[in-house]
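Architecture and fold: a report
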Amino acid sequence: MNTANSSPTDFSGLLQKTLRCSRYAQRVLEADPGLLQWLQQHYDSCCDREQMQSWLQSSGLNLNDEAELARAIRLLRKQAMVKLILRDLNGLADLQEVMQAMTALAEICVQHGLACVTQSLRQQFGDPLGESNGSAQELLVIGMGKLGGGELNVSSDIDLIFVYPEDGATDGARQTSNHEFFTRLGRRLINLINELTEDGYVFRVDMRLRPYGDSGPLVMSFAALEEYLVSQGREWERYAWIKARVIAPSGSPHIDELSKLVQPFIFRKYLDFGAIDSMRKLHAQIRQEVQRRDRFHNIKLGPGGIREIEFTAQVFQLIRGGRSAALRIRPTQRVLRQLATDGQLAPAVADALDAAYVFLRNLEHRLQYLDDQQTQELPDNDADQQLIAQAMGYADYAAFMEQLDRHRALVTRQFEQIFGTQHDVKSEAELWRENLSDDELAAIMEQLGYRTPADSMQRLQQLHASSRYRQLPELSRQRLDRLIPQFVTLSAQSDDPDTTLARLLALVEGVSRRAAYLAFLAEYPQALQRLVKLVSASSWASEYLTQHPALFDELLDARELYQPPLWSQIDTDIQNRLNDCGGDTERQLDVLRHVQQEQTFHLLAMDLQGLLPLEKLSDHLSELADLLLRHVLDLSWSTSRKRHCDQPQFAIISYGKLGGKELGYASDLDLIFLHDDEHPNAQENYARLAQRINTMLSSYTSSGRLYETDLRLRPNGESGLLVSSVSAFAEYQLQQAWVWEHQALTRARFSAGNEQVGKAFEHIRQQVLCQKRNLDTLRQEIVAMRQKMLDGHPNSSGLFDIKHDRGGMVDIEFIVQYLVLAHAHQYPQLTANIGNLALLKLSSELGLIPADLAEQTRTLYRTLRQTQHRMRLNNVTPCRIAHSEVSTVPCVRLWELLLEKN
């Protein structure tokens, strides 16, 4: 089509389809009428590199100024995007034009950005020179993945690696090392392209494929890169480097040197059939992510998706590329054609894979055209499904899905022929035979070591006869048929086979409707063994996994599973995951829920392995809660409609288990909210903020709930304001609060929010706790409150309630609180929030209680907490034991010594 032959009517029809199938194009064109006029003038010519260079040069902006260049390349992206979307959706452009145009756009932006920032830094530091012969040095930007392969999609991020030839220093008056120079350059280049401005962004930049990943240096010399690849390069990195290509600066004289350095790492001199297993493992890692996030409708990573076509092509490159230079190419379609030429793939198979690739990549683009989101997920709502069907040229979604399923089935078949493995069927499968008699089954189970084989046999038969089992899809039923015998055998190896099997059957029944989880259990026997151990050790763990089966994925890597958490690293990861949600609050909350579940499960696994003392476990759970509170507060405020300041003068104060850092797996959070802000709208805005925080924390969704909350410890309890000012809180605590509220204050601390408000709270807390008190009155108040609690938890079981009965945990906690309130005016160090055990020890060191009695009570408290913890891990509530199992004498004696004086 050309301008001369096109008419306004022609363009109107093309535009109508574009706006219908792309909300992104609709938004951009509505916001910029000038862009619409431009599009009408330019839509009928191919979108290519030369055109984009011309558009950029004619933008009227100074391309040597970073700020103006940033605006220019963002406007350029909008031009390229709306033109490609219109041309592609209306059949004016094919897949090659779209991929090559997006690749060219990325290269143009990186090249101009590199030149601009380099010029700016040279003015500051001079030219970077090599240390060997003083030769000029430059930063080489390597495009990885689809960018390197010239196959970039429309809403993709770009994977980059930064390298430079040689270490040395700059020659300017303000000298710096080449490494520092190029690190500065890399950071500014990333910001130039990646940063979201009022004009949008150009590309999200992903640097995680560089040596050592996120923990590695941003830039690396050729020598350092070579050393890394030789000594530490991993198999998956060979795959990643196949498509690597220097994209900037254009025509660098150092490209050949870099290619010679990298090529031996990617392509072995021999036929490397070990690549098959390596690629299988890499694909397994991707599949884990698919299963964990239930992403079977992901056309890139799911079964029969784009990644499997790429793997099919690239495994042959890794095997034979060392010997065949013809296979050292990057674009997937060219590789498929070459494999057909070489006889590695039948021409019909190569053609079918090529057709599937074109179909899937076109579909990927249409999914991304909707909202300019980097997604490969099929939509789950009817309206978007219909839009995708229309955009793909089908009358309805069913017809489209029929064709998609055909392509994916073919891709999967071919993939499995290359990478498929046979799984052994265990001989114990006869346990699941329909025609096995009760006596035969019971005899087999008894022989395996089951203590009540009849009961376990009945559970198996009930599941086999259940409607849920009968209604499973055939593939899911086959997987379950393979799993049950393994469950029986593995359970028999546990201390209590019958209980373990019962828990496993309940778990698998709970998750069986989700094919992804049955597939996971069937695919990964090592993870299955770890699952059985966890389920055997704790009924609470079994129920937790049943509620959150996405956590199965965490069982795959024992090294990661049993590593103590690094909270600063987890914090960074959370922020990155939140940023990836594109401002979608529900997705961001799901991220926080998933993080909480993942970290709780990691701690649970370590706990059940005996790798975490209870005190350390509570510390970690408390740190996790503090971390999530910080993010919930930030998210709540940033999404509040009414804000009178950027950073709220607001704090979350924790009491109870979280305040004392004795949090358990299922503990609720006792919280109050404070502010220190004189703005006239502060009270109203912060009340809304507190309510929003509480809702985010306590609301149930399909992803679960973060925490149950209790806000009744605020001034005046449930009848009081949800948020108090610091001054009002101080007045209440000093003038109106009951003694039991001061008891609660001994275990309160700042958890999240504005640190100055937190410091103000701590000052008030110290002031309140350090008041000199009448000891007789204090004793009477504490004893009365203890009796009230005792009356509220009657126990006629004949067993000892380790928390509520006399001599139990509550008594010890009241003793500690009495010591703080009675003596903090003389010994302010008692106000430190160091926990009950440490405060008992400190009190003995201060001569307030006998040392031997303090140590005995500490031992008792630790024993009671550990006992309670073990019982709760197996859902035993209330936690009651025989009186003979523990001696409460130390606590009783200490209570009498301190609180029953006449």
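These remarks concern the structure in this document. Quick caveat, the model's predicted, so the values are computed rather than measured. (Residues numbered from 1 in each chain as written. Predicted model: local features only at pLDDT ≥ 70, side-chain atom pairs only at ≥ 80, totals over all residues. Heavy atoms only, no water.)

With respect to the overall build of the chain
Helix and strand counts for the chain come out as 39 helices and 14 strands. In terms of overall dimensions, the chain has a C-alpha envelope of 105 × 80 × 65 Å along the principal axes. Residues counted as buried form 54% of the 902 residues belonging to the chain. Relative to all contacts within the chain whose residues are 6 or more apart in sequence, the contacts with residues 24 or more apart total 74%. With the model as given, the accessible surface of the chain reaches about 39,700 Å², and the carbon-plus-sulfur share is 47%. Of the charged side chains in the chain, 96 are positive and 116 negative; the average position of the first set lies 1 Å away from that of the second. (Helix = DSSP H or I, 4+ residues; strand = E, 2+ residues; numbered from the N terminus. Buried < 20%, exposed > 50% of the residue type's maximum accessible area, 1.4 Å probe, protein only. Contact = heavy atoms within 4.5 Å. Areas by Shrake-Rupley, 256 points an atom, 1.4 Å probe, with all protein chains shown as cover. Lys, Arg positive; Asp, Glu negative; His and termini not counted. Charge placed at Lys NZ, Arg CZ, Asp CG, Glu CD.)

A few points about the packing of helix 27 (residues 567-579) against helix 29 (residues 614-638)
Across the interface, helix 27 lies against helix 29 with an axial gap of 11 Å and an inter-helix angle of 30°. Relative to helix 29, the element helix 27 lies roughly parallel. Our pair here, helix 27 against helix 29, has a crossing hand that is right-handed. Across the interface between the two elements, Trp-567, Ile-570, Asp-571, Ile-574, Gln-575 and Leu-578 from helix 27 touch His-620, Glu-623, Leu-624, Leu-627, Arg-630 and His-631 from helix 29. Here the contact of helix 27 with helix 29 is built from residues that sort into 6 nonpolar, 3 polar and 3 charged. (Axes fitted to C-alpha atoms, helices over the stretch in contact; angles between N-to-C directions. Parallel < 35°, antiparallel > 145°, perpendicular 65-115°, else oblique. Left-handed = near helix turned anticlockwise from the far one by under 90°. Nonpolar A, V, L, I, M, F, W, Y, C, P; charged D, E, K, R; others polar.)

Digging into the packing of aromatic side chains
For the coordinates displayed, the defined rule picks out 17 aromatic pairs. When the ring of Phe-181 is compared with that of Phe-182, the centres are 5.3 Å apart and the planes differ by 90°; the resulting orientation is edge-to-face. Phe-182 shares its class with Phe-181; the two are buried. Seen in terms of ring centroids, Trp-540 and Tyr-544 are 4.9 Å apart; in terms of plane orientation they differ by 15°. Their pairing is stacked. With Trp-540 and Tyr-544 both in helix 25 (residues 539-547) and 4 residues apart, this pair spans about one turn of that helix. (Phe/Tyr/Trp six-rings, centres within 6.5 Å; stacked < 30°, edge-to-face > 60°.)

Side note on the pattern of salt bridges
Inspection of every chain in the model, using the stated rule, returns 38 salt bridges. We note a salt bridge from Lys-243 to Glu-151, for which the minimum N-O separation is 2.9 Å. Taken together, the residues Lys-243 in the loop between helix 10 (235-241) and strand 7 (245-248) and Glu-151 in the loop between helix 7 (145-148) and strand 3 (158-164) connect sequence positions 92 residues apart. The exposure class of Lys-243 is buried, given its relative accessible area of 5%. Among the ionic pairs, Asp-811 bridges to Arg-786, the shortest N-O distance being 2.4 Å. (Salt bridge = Lys/Arg side-chain N within 4 Å of Asp/Glu carboxyl O.)

Thoughts on unusual backbone geometry
Cis rather than trans, the peptide bond between Ala-248 and Pro-249 has omega equal to -5°. Within the secondary structure, Pro-249 sits in the loop between strand 7 and helix 11 (255-266). Unusually for a residue other than glycine, Lys-661 sits at a positive phi of about 55°. For Lys-661, a relative accessible area of 37% puts it in the partly exposed group. One non-glycine residue, Asn-716, lies in the positive phi region at around 65°. Of note, Asn-716 is situated in the loop between strand 10 (709-710) and strand 11 (723-725).

Section: the environment of Gly-704
Inspection of the secondary structure puts Gly-704 in the loop between helix 31 (682-698) and strand 10. Along the sequence, Gly-704 and Met-99 sit 605 residues apart, while their C-alpha atoms lie 40 Å from each other. Sequence-distant contacts of Gly-704, that is, excluding residues within four places in its chain, are made with His-548, Arg-593, Gln-597 and Ser-699.

Remarks on the side chain of His-365
When you line up the elements, His-365 lands in helix 15 (residues 347-371). Excluding residues within four positions of it along the chain, His-365 makes contact with Asp-88, Leu-95, Val-98, Met-99, Leu-152, Asn-153 and Val-154.

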